Amino acid sequence: MLIDTHAHLYSQEFDIDQETMIQRAVQSGVKRIYLPNVDVSSVARLKSLLKHSNILYPMMGLHPCSVQADYLSVLQVLKQEFLHATYYGIGETGLDLYWDKTTLPHQIEAFKIQCTWAIEYDLPIIIHSRLATSEVLDILEGMTPRPAKGIFHCFSGTKEEIERVAALGQYYYGIGGVLTYKNSGLAESIPFIPRDKLVLETDAPYLAPAPYRGKRNESAYITYVNLKLSECLNLSLDATAALTSENAMRVFE
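A short tour of the structure in this document, coming up. (Residues numbered from 1 in each chain as written. Predicted model: local features only at pLDDT ≥ 70, side-chain atom pairs only at ≥ 80, totals over all residues. Heavy atoms only, no water.)

**Looking at the overall build of the chain**
Within the chain, the secondary structure is distributed over 9 helices and 8 strands. Its C-alpha atoms give the chain a radius of gyration of 17 Å, near enough to 18 Å, the size a compact globule of 253 residues would have. Dimensions of the chain, computed from C-alpha atoms along their principal axes, come out at roughly 45 × 40 × 30 Å. Across the 253 residues that make up the chain, the buried fraction comes to 55%. Partitioning the contacts of the chain with sequence separation of at least 6, the portion at a separation of at least 24 is 71%. Of the roughly 11100 Å² that the chain leaves accessible, carbon and sulfur atoms contribute 52%. Distance between charge centroids for the chain: 4 Å, based on 22 positive and 29 negative side chains. (Helix = DSSP H or I, 4+ residues; strand = E, 2+ residues; numbered from the N terminus. Rg over C-alpha atoms; globule rule 2.2 N^0.38 Å. Buried < 20%, exposed > 50% of the residue type's maximum accessible area, 1.4 Å probe, protein only. Contact = heavy atoms within 4.5 Å. Areas by Shrake-Rupley, 256 points an atom, 1.4 Å probe, with all protein chains shown as cover. Lys, Arg positive; Asp, Glu negative; His and termini not counted. Charge placed at Lys NZ, Arg CZ, Asp CG, Glu CD.)

Following this line, the structure appears as C-alpha coordinates:
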(Lines give C-alpha, C1' and ligand atoms only; values in the text may rest on other atoms or scores of the structure.)
Protein backbone atom coordinates (compact mmCIF):
# COMPACT_ATOMS: atom_id res chain seq x y z
CA MET A 1 0.00 0.00 0.00
CA LEU A 2 1.21 3.48 -0.88
CA ILE A 3 -0.16 6.76 0.47
CA ASP A 4 0.25 10.09 -1.33
CA THR A 5 0.06 12.65 1.47
CA HIS A 6 0.00 15.69 -0.83
CA ALA A 7 -1.51 16.05 -4.31
CA HIS A 8 -3.60 18.71 -6.07
CA LEU A 9 -5.66 16.34 -8.20
CA TYR A 10 -8.42 18.94 -8.62
CA SER A 11 -6.07 21.16 -10.66
CA GLN A 12 -7.01 22.13 -14.19
CA GLU A 13 -4.03 20.16 -15.45
CA PHE A 14 -6.11 17.01 -14.84
CA ASP A 15 -9.33 18.14 -16.50
CA ILE A 16 -8.66 16.06 -19.58
CA ASP A 17 -8.20 12.72 -17.78
CA GLN A 18 -9.01 13.15 -14.09
CA GLU A 19 -10.91 9.86 -13.66
CA THR A 20 -8.41 7.71 -15.55
CA MET A 21 -5.56 9.42 -13.72
CA ILE A 22 -7.11 8.44 -10.38
CA GLN A 23 -7.53 4.88 -11.62
CA ARG A 24 -3.87 4.77 -12.65
CA ALA A 25 -2.96 5.67 -9.09
CA VAL A 26 -5.15 2.90 -7.71
CA GLN A 27 -3.65 0.39 -10.13
CA SER A 28 -0.18 1.48 -8.99
CA GLY A 29 -1.00 0.52 -5.41
CA VAL A 30 -1.99 3.94 -4.06
CA LYS A 31 -4.73 3.47 -1.46
CA ARG A 32 -5.08 7.01 -0.11
CA ILE A 33 -4.41 10.46 -1.53
CA TYR A 34 -4.64 13.60 0.60
CA LEU A 35 -5.65 16.80 -1.18
CA PRO A 36 -4.58 20.18 0.24
CA ASN A 37 -6.59 23.24 -0.67
CA VAL A 38 -5.01 26.40 -2.13
CA ASP A 39 -7.50 29.27 -1.85
CA VAL A 40 -11.19 30.16 -2.19
CA SER A 41 -11.23 29.54 -5.93
CA SER A 42 -10.04 25.94 -5.52
CA VAL A 43 -12.67 24.87 -2.97
CA ALA A 44 -15.38 23.92 -5.45
CA ARG A 45 -12.95 21.90 -7.54
CA LEU A 46 -11.64 20.18 -4.43
CA LYS A 47 -15.15 19.33 -3.24
CA SER A 48 -16.05 17.93 -6.65
CA LEU A 49 -13.74 15.02 -5.83
CA LEU A 50 -15.47 14.11 -2.57
CA LYS A 51 -17.34 11.42 -4.53
CA HIS A 52 -14.09 9.44 -4.33
CA SER A 53 -14.25 9.30 -0.55
CA ASN A 54 -12.76 5.80 -0.50
CA ILE A 55 -9.40 7.07 -1.77
CA LEU A 56 -9.35 10.91 -1.79
CA TYR A 57 -9.18 12.82 1.49
CA PRO A 58 -9.58 16.63 1.36
CA MET A 59 -7.80 19.18 3.51
CA MET A 60 -8.62 22.86 3.96
CA GLY A 61 -6.37 25.89 4.13
CA LEU A 62 -4.87 28.92 2.41
CA HIS A 63 -1.60 28.53 0.51
CA PRO A 64 1.01 31.19 1.38
CA CYS A 65 1.35 32.16 -2.30
CA SER A 66 -2.37 33.00 -2.25
CA VAL A 67 -2.11 35.26 0.79
CA GLN A 68 -2.96 38.87 -0.09
CA ALA A 69 -4.11 41.94 1.83
CA ASP A 70 -7.62 40.45 2.20
CA TYR A 71 -6.33 37.27 3.85
CA LEU A 72 -8.42 37.69 7.00
CA SER A 73 -11.71 37.72 5.10
CA VAL A 74 -10.51 34.83 2.92
CA LEU A 75 -9.70 32.78 6.00
CA GLN A 76 -13.15 33.49 7.41
CA VAL A 77 -14.71 32.07 4.23
CA LEU A 78 -12.47 28.99 4.28
CA LYS A 79 -13.13 28.25 7.93
CA GLN A 80 -16.85 28.04 7.18
CA GLU A 81 -16.08 24.98 5.08
CA PHE A 82 -15.60 22.95 8.25
CA LEU A 83 -19.34 23.32 8.85
CA HIS A 84 -20.18 21.64 5.55
CA ALA A 85 -17.68 18.83 4.99
CA THR A 86 -15.12 16.64 6.73
CA TYR A 87 -11.49 17.64 6.28
CA TYR A 88 -8.44 15.65 7.31
CA GLY A 89 -5.79 18.33 7.65
CA ILE A 90 -5.16 22.08 7.67
CA GLY A 91 -3.36 23.33 4.59
CA GLU A 92 -1.54 23.79 2.77
CA THR A 93 -0.29 26.75 4.74
CA GLY A 94 3.07 28.12 5.82
CA LEU A 95 5.55 30.57 4.32
CA ASP A 96 6.99 31.08 0.83
CA LEU A 97 10.02 33.33 0.35
CA TYR A 98 10.61 32.30 -3.26
CA TRP A 99 7.80 34.06 -5.11
CA ASP A 100 6.80 37.17 -3.14
CA LYS A 101 8.58 38.30 0.01
CA THR A 102 6.48 41.48 0.28
CA THR A 103 3.52 39.51 1.67
CA LEU A 104 5.59 37.88 4.43
CA PRO A 105 3.88 39.69 7.35
CA HIS A 106 0.48 38.58 6.05
CA GLN A 107 1.80 35.06 5.41
CA ILE A 108 3.02 34.81 8.99
CA GLU A 109 -0.32 35.87 10.44
CA ALA A 110 -2.27 33.60 8.08
CA PHE A 111 -0.05 30.67 9.09
CA LYS A 112 -0.53 31.37 12.79
CA ILE A 113 -4.30 31.56 12.37
CA GLN A 114 -4.36 28.24 10.54
CA CYS A 115 -2.23 26.73 13.30
CA THR A 116 -5.04 27.64 15.70
CA TRP A 117 -7.45 25.79 13.41
CA ALA A 118 -5.25 22.70 13.64
CA ILE A 119 -5.40 22.94 17.42
CA GLU A 120 -9.15 23.62 17.48
CA TYR A 121 -10.04 20.72 15.17
CA ASP A 122 -7.22 18.40 16.30
CA LEU A 123 -5.91 18.04 12.76
CA PRO A 124 -2.38 17.91 11.32
CA ILE A 125 -0.94 21.10 9.86
CA ILE A 126 0.39 20.75 6.30
CA ILE A 127 3.35 23.10 5.98
CA HIS A 128 4.71 24.78 2.85
CA SER A 129 8.12 26.27 3.64
CA ARG A 130 9.87 27.13 0.38
CA LEU A 131 13.11 28.94 1.26
CA ALA A 132 11.51 29.49 4.67
CA THR A 133 11.95 26.32 6.74
CA SER A 134 13.97 28.10 9.43
CA GLU A 135 11.38 30.90 9.65
CA VAL A 136 8.53 28.39 9.97
CA LEU A 137 10.41 26.54 12.67
CA ASP A 138 10.96 29.79 14.55
CA ILE A 139 7.21 30.34 14.60
CA LEU A 140 6.31 26.80 15.66
CA GLU A 141 8.99 26.71 18.35
CA GLY A 142 7.57 29.92 19.79
CA MET A 143 3.94 28.75 19.87
CA THR A 144 2.31 27.59 23.11
CA PRO A 145 0.36 25.54 22.40
CA ARG A 146 1.22 24.55 18.84
CA PRO A 147 -0.44 21.99 16.55
CA ALA A 148 0.14 18.51 17.90
CA LYS A 149 1.30 17.12 14.57
CA GLY A 150 2.02 18.08 10.99
CA ILE A 151 3.94 17.45 7.78
CA PHE A 152 6.69 19.59 6.33
CA HIS A 153 5.61 19.30 2.71
CA CYS A 154 8.39 18.88 0.13
CA PHE A 155 11.01 18.80 2.85
CA SER A 156 14.54 19.65 1.73
CA GLY A 157 16.04 21.17 4.85
CA THR A 158 19.48 21.00 6.40
CA LYS A 159 20.65 18.53 9.05
CA GLU A 160 20.09 21.23 11.67
CA GLU A 161 16.52 21.77 10.39
CA ILE A 162 15.92 18.01 10.44
CA GLU A 163 16.85 18.03 14.12
CA ARG A 164 14.65 21.05 14.82
CA VAL A 165 11.66 19.39 13.16
CA ALA A 166 12.27 16.22 15.17
CA ALA A 167 12.31 18.25 18.39
CA LEU A 168 8.77 19.51 17.69
CA GLY A 169 7.30 16.07 18.35
CA GLN A 170 4.90 14.44 15.91
CA TYR A 171 6.03 16.36 12.83
CA TYR A 172 6.79 14.45 9.66
CA TYR A 173 8.91 14.99 6.54
CA GLY A 174 7.09 14.89 3.18
CA ILE A 175 9.37 13.30 0.57
CA GLY A 176 8.48 13.65 -3.11
CA GLY A 177 9.93 13.78 -6.59
CA VAL A 178 12.83 16.03 -5.59
CA LEU A 179 14.40 12.93 -4.01
CA THR A 180 14.94 11.51 -7.51
CA TYR A 181 16.76 14.60 -8.82
CA LYS A 182 20.49 13.97 -9.17
CA ASN A 183 21.74 17.24 -7.71
CA SER A 184 19.04 17.97 -5.12
CA GLY A 185 21.10 16.69 -2.19
CA LEU A 186 17.97 15.26 -0.57
CA ALA A 187 19.12 11.65 -0.92
CA GLU A 188 22.14 12.47 1.24
CA SER A 189 19.85 13.88 3.95
CA ILE A 190 17.52 10.87 4.15
CA PRO A 191 19.72 8.87 6.60
CA PHE A 192 19.47 11.74 9.11
CA ILE A 193 15.65 11.77 9.08
CA PRO A 194 13.94 9.54 11.67
CA ARG A 195 12.45 6.62 9.75
CA ASP A 196 9.22 6.78 11.70
CA LYS A 197 8.67 10.32 10.42
CA LEU A 198 9.06 9.75 6.65
CA VAL A 199 5.96 10.07 4.46
CA LEU A 200 5.62 10.01 0.67
CA GLU A 201 3.99 12.68 -1.48
CA THR A 202 3.83 13.80 -5.11
CA ASP A 203 2.60 17.43 -5.06
CA ALA A 204 0.93 16.50 -8.36
CA PRO A 205 0.74 18.08 -10.90
CA TYR A 206 4.07 19.61 -9.82
CA LEU A 207 7.57 18.23 -9.16
CA ALA A 208 7.32 15.04 -11.21
CA PRO A 209 10.03 12.53 -10.35
CA ALA A 210 12.64 11.28 -12.77
CA PRO A 211 12.11 10.02 -15.46
CA TYR A 212 9.13 12.41 -15.82
CA ARG A 213 10.85 15.54 -14.53
CA GLY A 214 9.49 18.64 -16.25
CA LYS A 215 6.23 16.92 -17.19
CA ARG A 216 2.89 16.76 -15.39
CA ASN A 217 3.09 14.80 -12.18
CA GLU A 218 0.38 12.43 -10.95
CA SER A 219 -0.16 10.21 -7.93
CA ALA A 220 0.77 7.00 -9.77
CA TYR A 221 4.33 8.33 -10.03
CA ILE A 222 4.77 7.99 -6.28
CA THR A 223 6.16 4.55 -7.07
CA TYR A 224 9.32 6.26 -8.37
CA VAL A 225 9.72 8.14 -5.10
CA ASN A 226 9.25 4.91 -3.16
CA LEU A 227 11.88 3.23 -5.35
CA LYS A 228 14.46 5.93 -4.67
CA LEU A 229 13.66 5.97 -0.95
CA SER A 230 14.13 2.19 -0.80
CA GLU A 231 17.59 2.65 -2.31
CA CYS A 232 18.46 5.38 0.20
CA LEU A 233 17.37 3.24 3.14
CA ASN A 234 18.61 -0.06 1.71
CA LEU A 235 15.18 -1.58 2.19
CA SER A 236 12.83 -3.45 -0.11
CA LEU A 237 10.08 -1.62 -1.99
CA ASP A 238 7.47 -3.33 0.17
CA ALA A 239 9.29 -2.31 3.33
CA THR A 240 9.45 1.39 2.44
CA ALA A 241 5.84 1.33 1.24
CA ALA A 242 4.75 -0.20 4.55
CA LEU A 243 6.94 2.13 6.60
CA THR A 244 5.76 5.35 4.97
CA SER A 245 2.13 4.24 4.91
CA GLU A 246 2.17 3.40 8.61
CA ASN A 247 3.70 6.80 9.28
CA ALA A 248 1.05 8.55 7.17
CA MET A 249 -1.76 6.75 8.96
CA ARG A 250 -0.40 8.03 12.29
CA VAL A 251 -0.46 11.59 10.95
CA PHE A 252 -4.07 11.39 9.86
CA GLU A 253 -5.51 9.06 12.53
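**Concerning the pattern of salt bridges**
All told, the structure shown has 12 salt bridges when counted by the stated rule. Asp-138 is paired through a salt bridge with Arg-164; the nearest N and O atoms lie 2.7 Å apart. Residue Asp-138 is located in helix H5 (residues 133–141), and its partner Arg-164 is located in helix H6 (residues 159–167); the two are separated by 26 residues in the primary sequence. The partner of Glu-218 in a salt bridge is Arg-216, and the shortest N-O contact between them spans 3.1 Å. Residue classification places Glu-218 among the buried positions, given a relative accessible area of 3%. A cluster of three or more residues bridged by salt bridges with shared partners is formed by Asp-17, Arg-24, Arg-216 and Glu-218. (Salt bridge = Lys/Arg side-chain N within 4 Å of Asp/Glu carboxyl O.)

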